[in-house]
Every structure is written in structure tokens, then in C-alpha cells.
Amino acid sequence: MPKVLDNVQIGPLNWKMKVEIPRLVAKAKAGQFVIIRVNEHGERVPMSIAGLDKKNGVLTIIYQVVGKTSALMTTVPAGGQLSDCVGPLGVPSHIENWGTACLVGGGIGIAPIYPIAQAYKEAGNKLITIIGARSKDILFYEDEHRAIADELYVCTDDGTYGHHGFVSDVLKKLLDNGVKIGMIMAIGPLPMMRVVSNLTKKYNVPTWVSLNPLMVDGTGMCGGCRVSVGGETKFACVDGPDFDGHKVDFDLLNKRLLAYKEQEKIAMNRFLKEPGCKLAESVKKFTYPG
Amino acid sequence: MIEKIDKKERMKIPRQVMPQQDPKERIHNFKEVPFGLSEEQALVEAARCLECKNQPCVAGCPVEVDIPGFIDLILQKDYAAAARKIKETNSLPAVCGRVCPQEEQCEMKCVLGKGKKGKPVAIGYLERFVADYERDNNLVELPKIAPSTGRKVAVVGSGPAGLTVAGDLVKLGHDVTIFEALHKPGGVLVYGIPEFRLPKAVVQAECDFLARMGVKFENSTIVGKMDTIDELFENGYDAIFIGTGAGLPNFMGIPGENLIGIYSANEYLTRSNLMRAFEFPDYDTPIIHGKNVAVLGGGNTAMDSVRTALRLGADNAYIVYRRSEVEMPARIEEIHHAKEEGVQFHMLTNPVKFIGDDDGKVKAMECIKMQLGEPDASGRRRPVPIKGSNFTMEVDLVVVAIGNSSNPLIQKTTPGLEVNKWGNIVVDEKTMQTSRKAVYAGGDIVTGGATVILAAGAGKIAARAMHKYLMEEVKK
Ligand SMILES: Cc1cc2nc3c(=O)[nH]c(=O)nc-3n(C[C@H](O)[C@H](O)[C@H](O)COP(=O)(O)OP(=O)(O)OC[C@H]3O[C@@H](n4cnc5c(N)ncnc54)[C@H](O)[C@@H]3O)c2cc1C
Ligand SMILES: Cc1cc2nc3c(=O)[nH]c(=O)nc-3n(C[C@H](O)[C@H](O)[C@H](O)COP(=O)(O)OP(=O)(O)OC[C@H]3O[C@@H](n4cnc5c(N)ncnc54)[C@H](O)[C@@H]3O)c2cc1C
Ligand code: FES
């Protein structure tokens, strides 16, 4: 069973987990993801690759507590184990030298764009990185991104740090100023990926987004991860997760993500009531008002 | 030992009826439906066998189990020996006794079944009886394992084909590792076929048994994503068996198919069986509980899905099938069980589109009536739509169970591996060898969706050929 080396809180709702899984790490590439199961009764949840330490065989994932399973993940101590961690899944991000490439990371999406940024950089791109979060205390990986980006822009929705506003505002300004960008990769909450895609469509800049539909197996066996791209149904786990943002039906994806709203609430509330659940207070405050 | 009675007398013994859970009760639980024969019943049933010289039943079995032989051992009350007899050619009797379509195989050929009123010997029931007896009484003996040959074998996929290959080759002294993509071994036996038809403990016992014989299991390992076939060779494997099944769900390709509440059977059954969503919230994986559930298709997968829907609380559970009942590929026993449980059959009906509400959830399905025309390639009469016969059904859950295609991962990552136009791996049927040296394949990945026993049978053939290859051509 894969060993958890480290599992620390890096923000009010965000955690960073390091998992020792050398054979997977040896094969994994930027843009791919894994599916983990915390324990025998657990769900299979997809998590993007947020870091690969090839030398030591260590995988980093950064996750946000949004429900039962992500909450449960916080309880795994350093030195503990996950039931399973399978991967690398999905098609690696397309890496090429476009001259200038722009990475846009919103919220938890700041994590998966990091290994992609490294790969873009290695391919010789000039790198413009834009990261943003709701508020200053939710931001992370700023130093990591700063170390490899040629230009880094940081923003917060509430103006508590960096530019006051959305990542798409910064991107628009760059495009309006005539900055030539060969390729954009945007990862983050669905509304953000939609806004970025709508924007770049007008400027005719090719844009990748990384889609995160609900998944079960991650091998193409169930079709639960269906998304519609350019009017065609695709299985995000094997055909993606990266797709042409200008062709994605975001509306459909948005609706499909809410398929289990009721059950998710039941599972989370039950978890929060379990004796000894240390999360209750902090999580309730952010995710379950009421 | 029961005295052998006169043949005429034997023919008067009625076929034993397997006790089963009352339909009214069982639609509220996931426990196995048939309870199995008692020892007394098994002895009576075994006594019906006429011991025909030409053994038509054996010819009807895809792996030629010595049926009269094992029935004779039942009569001698040596049930464990009877189980061992079956295992000479079929390593999964507890599974096959439950899920094989005996009515089209061994039992169809049984002389006692001839004529209008004839009822064949209940070979499947007896097979299950001896396998359960052996397991429940801890009589499963580890076979003699040959001294190590020093040859390493990789088996990709842990369905019945892979399990069979692994069992046979480990016995011969080879070092065998099974790589399985999911977190539990068993293939369709764990993720597809429901608990009420094949208890997962039975499958687990088979896997545990292989582990005791020395087979290594590497779960959560996707070949082609982790190591490719060629990398497995580089890592020291001398021969490889591919038993990856037919795991890519087909959809209808009609409008509205991506609405919430439209599942492939694979997803619906995987959530319920592998992830145990029927025990939510004790298990974390959720599943949609429909009130009016339509299952599209007429095979075993469709029957398993519709009966699962009933158990998850559906008020109305429909089978919607474009041909008529006689063309349904599902086992007769399963159709019968579904009817007993109150499943409603809409034959000669085909959906043309799905209709959703504002949240993107399916709320209705438009269908068209069909009639049977000329026979098609499969020999069955082709269903053709009746113009203007459209009507709408109210549904809040739809399960698409119209078959699977092959998952292309291994084919795409293995240069030189020949596949046919459906993406199935091409093999030499006598050896199951593929177009690649030392690479063998069998089961649904070769045949397309078929049966457990055909997959296991292919595993037997492959194991024999692989053993020969390993001993004659791999120098150690
Ligand atoms: C390819 C892929 C990569 C992902 N990478 C990451 C990652 O790096 N870090 C991370 O924190 N999360 C990531 N996710 C999302 C993550 O899998 C879900 O947040 C997680 O499954 C939620 O489980 P839960 O039980 O905690 O919440 P649930 O109770 O299941 O859900 C709570 C809320 O989260 C939403 N949600 C559930 N699943 C998803 C999902 N797949 N995508 C978006 N929202 C979802 C639900 O709509 C619901 O509103 C990824 C998803 C995919 C498909
Ligand atoms: C719902 C349902 C009900 C059925 N009912 C019956 C029945 O009553 N009677 C009957 O005889 N037959 C039945 N069948 C058919 C029968 O189950 C199959 O024919 C049989 O399981 C095929 O066996 P297999 O070994 O070829 O593959 P599978 O059982 O499909 O197993 C293949 C395994 O390989 C794994 N795999 C795939 N790709 C990879 C990879 N790249 N790396 C590692 N692992 C991989 C998969 O995860 C899977 O576990 C049913 C099928 C279904 C779906
Ligand atoms: S998650 Fe099952 S097919 Fe993609």
C-alpha cells in the first residue's frame, strides 16, 4: 500500500500530501492524474499530479476539503497509508515550444499547473504565469511558480494580496496590450476555465483546459466521466483530462458535477459527527454554512 | 454410497428444485437468490444421471468437464473429489456453477432433457454444490506445486481468463504475477455480476486460493500506463498473457445521453458491486436511486442492472429491448428471476432520445416501437422502427446495457500486436498466441463479450501453450 510521507495543511481548506509510490512516479508526466482510495469503504477520487520527485519516487498532491473524502484524506497521518493509488492516468499535457506560453491557475488549479509550467519551461517557452485565489490565505505555491516563471502575476478576488480581481482580468490586460502568446493552459474552478476560454476565443489564442468530471475507474471502463467537446462525447479519464477550451460544453460539465449533491451532504454530515472529528469546526466554517 | 437404481426408475426422479429467496423479500436485499442444494437433494439429483456412454453433456461443455465422472463421485459422497474432478478442466466451479448458461451447454445436451416434458440433470446445481461443499468445509487442498522452473509470467487482467492462466501456470512451477487495473481482482466477477447472483466472497476465495499457491497480485496497476508489455519483458518476464476483457461501454449515440441519471451498465454495476454503493453511506460511493428505471438491452448485464435497480428501491423497473423476448441473449434463469421480481418488459421498443429537466437530469425517454424484419448478420431477425409509433416514458434513471467494446490501451502501447477491426486481439485459437512472440491472449479481449467459461477455457489453452513455450524455448 502506498505510504503517505507527509500530509500538511497549507491554507484554511488546502492540504498537501506526499505519497511514496516510485513505480508510478517513474512513469508519470505533467498533466496526468491519479486515483486514490483512502480506506476499504472509501470512494475512488481523482487527484491531479502537483509534483513529481523522480529521484525519491514521491508524488505530491494538493487537495481542497470539499466533502467527505477530501476531509477523510486530512486524517491520514505522515507514515500512514492509502488503500490504493493508481496511475498515472489520462494523457500527459501536450508540451511544445510555442515561443511564449501562458499558464493560468485558479484556486486548487495552482497546483497542477506547476509541473506543467516546469515542462513548458524545459521545452524552451517563455513562461507567463497567472495565479489567483479567493483570498490571500488560500494562495499557495507562489514561490515555486516565481522560481520558474518569466513573469508571474498573482491576484485575489477580494484584493487581500496582489492584483485585486480575477486571473482572467490579468490575462485580458496582457492580450489587450498585444502580448503574443502561443498557447494558454488554464486549470481551476469550472467558472474560471469557462471565462478564460470565452476570453481567449475572442483573441484567437489556443487554450487548453483540464476537466474534472466525476470519475469511478479512470480507465475508460464506465463512461461516468463523459464530457462533450466540439459536440462529441469524450471520456475525460482516457481522452483527457486536457481539452480544447474553446470547444468544451462547460454547462453540461457543471450540471453533471452536481449529480450527487444530496448524498455528498449526507456523507459529509455523517463524517463531521463522527467522534473525534477534528475537522468539524474549520471545515464547517468554509464548506458547510448551514 | 447410494445403490445404483434401474435406469427406468432413475428417469422417474423429478429434477430437484433449488430453494431460493422469496421474490417479495429478496428485492429488498442483495443476498444471493438461490440457496444451493442440500446434500440430500444433491444425492437425489445425482442419481438421475443415466451415465450415457457417449456423454453428450461433456460435448456440450466448452471445457469438457468430466460431468458423469464428477456426478459419480457425488453418489460416492466424495464431494471434495468431485470438485477436484471438475477442476481438472475448469478452475472456477463455484463461479461457473452459478453463472454458466448451462441451459445452452451441458444441460441442453442431456438426454433427460429431450422431449416436451424432459428435464435435464441439474448439472449446474451439482457443480455449485460440490464447489461450495469443498470451500465451506475447508476441504480445498493445495495442489502439488512443481519445483520452480525459474520462468516468470505476467498475467494482465484478473478476470476468469487471467485467473485460470495464473492458477495453471503456478502449479507447473512458474513464477506468476497478475497485474490488475482495479483495486480488487476478479474482473467482471467482482465489478459486474451482482452479489445476489455471485457473492463476492466466492470470488475472493478463488483469488485467495491462487495467492496461497504462490500467485502474486499487483492490484491498481494498469499495464500500458505503468509498464507496457515490452517493459514487462525488459523487467524479466518470459511470457505474458493478456486477459483484459471487453471493458469499454457502448452508448446509444442519441440526443440527451449525457444527462444526469443515464449510466452505462458498467458504471451502474461498478458503483453498486465493486464500490458497494448499495451500502451507502457505510461505503462512501453514491449511486442514483431511481423510481422509474429503464434498462436498455436484453443480455445478462441488462438483467443484472434492472434487478439491482429494484433492490435500490425502484417502483418501476423496465427492460427496454428492441427485439422480442426470444432474441434476448440473457440466461433464461435470469429472465425468469427478473420476472418473478416484478420487472416489466417492454419488447420491440427502442429509445430515440432522452429528455431532461432544468438541472440536466433525465426525466423522460422518447421511444419508438419496432417490428421484426429479415434476419441480420447475427441470424436474428432485424428490428425495424414502425413509423409514427413514438411514445414517451417517464423515467428518472436509465441504464444503457447494450454491450462493450474492447479497451484499446494495451493494443495502442504494444507495437506489432495484431487486432481485428473491432479492436479485439487476434490469436491462434490452438495456442492463444498473438502476433507477438511470447504474448498470449484470451477471454473477452479476443472474442468480444462472451462468457465466463469461454474465458476460463481460453485461459486453459493458453496456459498449456505457454508452459510448452516456457520450457522449450526459454533457456534458463
Ligand atoms: C482529473 C481530476 C483531477 C482532480 N484534481 C484535484 C486536485 O488536484 N485537488 C483537488 O482538491 N481536487 C481535485 N479533483 C477533484 C476531486 O477529485 C474532488 O474534489 C473530490 O473527489 C471530492 O470528493 P469529496 O468526497 O471530498 O467531495 P464530494 O462530497 O464528493 O463533493 C463535494 C463538492 O465537490 C464537488 N466535486 C466532487 N467531485 C468533483 C470533481 N471531480 N471536480 C470538481 N468538483 C467536484 C461536488 O460537485 C460537490 O459540490 C480532481 C478531479 C479530477 C476529475
Ligand atoms: C454484468 C455482466 C453479467 C454477466 N453475466 C454472465 C453470466 O451470467 N454468465 C457468463 O458466463 N458470463 C457472464 N458475463 C460475461 C463474463 O463475465 C465475461 O465474459 C468474462 O468475465 C470475461 O472474462 P475475462 O477474463 O476475459 O475479462 P474480465 O472479466 O472483463 O476481466 C478483465 C480484467 O482486466 C482488467 N484490465 C483491463 N485492462 C487492464 C490493463 N491495461 N492492465 C491491468 N488490468 C487490466 C480489468 O480491470 C478487469 O478486471 C457477464 C458480464 C457482465 C458485464
Ligand atoms: S472514469 Fe470511468 S470511464 Fe472515465
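Residues numbered from 1 in each chain as written. Chains lettered and ligands numbered in written order. Predicted model: local features only at pLDDT ≥ 70, side-chain atom pairs only at ≥ 80, totals over all residues. Heavy atoms only, no water.

Draft legend 1. Summary view of the site of ligand 2. Residues and elements named next belong to chain B. In the region of ligand 2, 34 residues are neighbours, and V99, A161, E180, R197 and D444 sit closest. Within the backbone of V99, an N or O atom sits 2.6 Å from a nitrogen atom of ligand 2. Taking V452, its main chain carries an N or O atom lying 2.9 Å from an oxygen atom of ligand 2. A total of 1000 Å² of accessible area belongs to ligand 2 in isolation, and the protein chains cover 94% of it. Considering each element in turn, the shell around ligand 2 owes the most residues, three residues, to helix α15 (residues 300–311). Split into classes, the residues belonging to the shell around ligand 2 amount to 17 nonpolar, 13 polar and four charged. (Near = heavy atom within 4 Å. Polar contact = N/O pair within 3.5 Å; in protein donor to acceptor, adjacent residues only side chain to side chain. Areas by Shrake-Rupley, 256 points an atom, 1.4 Å probe, with all protein chains shown as cover. Helix = DSSP H or I, 4+ residues; strand = E, 2+ residues; numbered from the N terminus. Nonpolar A, V, L, I, M, F, W, Y, C, P; charged D, E, K, R; others polar.)

Draft legend 2. Examining the interface of chain A and chain B more closely. Facing 41 residues of chain A, the contacting portion of chain B comprises 44 residues. Of the roughly 3700 Å² buried between chain A and chain B, counting both surfaces, carbon and sulfur atoms make up 55%. Our count for the contact surface shared by chain A and chain B stands at 21 residue pairs in polar contact (both at pLDDT 80 or more). Mapped by element, the contributors of at least two residues to the side of chain A that touches chain B are α1 (22–27), α2 (68–73), β7 (84–89), β14 (226–229), β15 (232–235), α8 (250–256) and α9 (261–273) of chain A. The element best represented in the side of chain A that touches chain B is β7 of chain A, accounting for six residues. Each residue belonging to the side of chain A that touches chain B can be placed in one class, and the counts come to 16 nonpolar, 12 polar and 13 charged. (Contact = heavy atoms within 4.5 Å. Buried area = accessible area lost by both parts, 1.4 Å probe.)

Draft legend 3. Representation of the confidence of the model for chain B. Residues of chain B with pLDDT of at least 70 account for 99%, and the chain-wide mean is 94. Across the predicted assembly, pTM comes out at 0.94 and ipTM at 0.94. (pLDDT = per-residue confidence, 0-100.)

Draft legend 4. How the structure looks around helix α9 (residues 123–136) of chain B. Residues and elements named next belong to chain B. Under the 1.5 Å per step criterion, the end-to-end length of α9 is 20 Å for 14 residues, consistent within 8% with the ideal 20 Å. Summarising burial for α9: 11 of the 14 residues are buried, a large majority. When α9 is considered as a whole, its buried residues turn out to be I123, G124, Y125, L126, E127, R128, F129, V130, A131, D132 and E134. Positive phi shows up at N138, right after α9, with a value of about 50 degrees. (Expected span 1.5 Å × (residues − 1). Buried < 20%, exposed > 50% of the residue type's maximum accessible area, 1.4 Å probe, protein only.)

Draft legend 5. Expanded view of the pairing of strand β12 (residues 183–187) of chain A. All names here are of chain A. The element β12 is largely enclosed, with a buried count of five among its five residues. Side chains M183, M185 and I187 of β12 all project onto a buried face; the interleaved residues I184 and A186 project onto the opposite face, where all are buried too. Note that β12 and strand β13 (residues 207–210) share three bridges and pair parallel. From the neighbouring strand, I184 faces β13, where its bridge partner is T207. In this region the chain leaves β12, passes through helix α6 (residues 190–203) and returns to the parallel neighbour β13; the handedness of that crossover is right-handed. (Pairing = 2+ DSSP bridges. Right-handed = clockwise from strand over helix to strand, strands pointing away.)

Draft legend 6. Examining the pattern of salt bridges more closely. Residue and element names in this part refer to chain A. Tallying each qualifying case throughout the model produces 49 salt bridges over all chains. Between D84 and R37 there is a salt bridge, with its nearest N and O atoms 2.5 Å apart. Of this pair, D84 sits in strand β7 while R37 sits in strand β3 (residues 33–37), placing them 47 residues apart in sequence. Each of the two residues, D84 as well as R37, counts as buried. (Salt bridge = Lys/Arg side-chain N within 4 Å of Asp/Glu carboxyl O.)

Draft legend 7. Just the site of ligand 1, in detail. Residue and element names in this part refer to chain A. By nearness alone, 22 residues border ligand 1, and P46, S48, Q64, T69 and S70 come closest of all. The contact in question runs from an oxygen atom of ligand 1 to an N or O atom on the backbone of K68, over 3.5 Å. Burial of ligand 1 by the protein chains amounts to 85% of its free accessible area of 850 Å². Taken together, the elements giving at least two residues each to the shell around ligand 1 come down to β4 (45–48), β6 (58–64) and α2. Of all the elements, β4 adds the most residues to the shell around ligand 1, at four residues.

Draft legend 8. Quick peek at the confidence of the model for chain A. Looking at chain A as a whole, its pLDDT mean stands at 93, while 96% of the residues score no less than 70. Per-element mean pLDDT across chain A ranges from 58 in helix α10 (residues 280–287) of chain A up to 98 in β3 of chain A.

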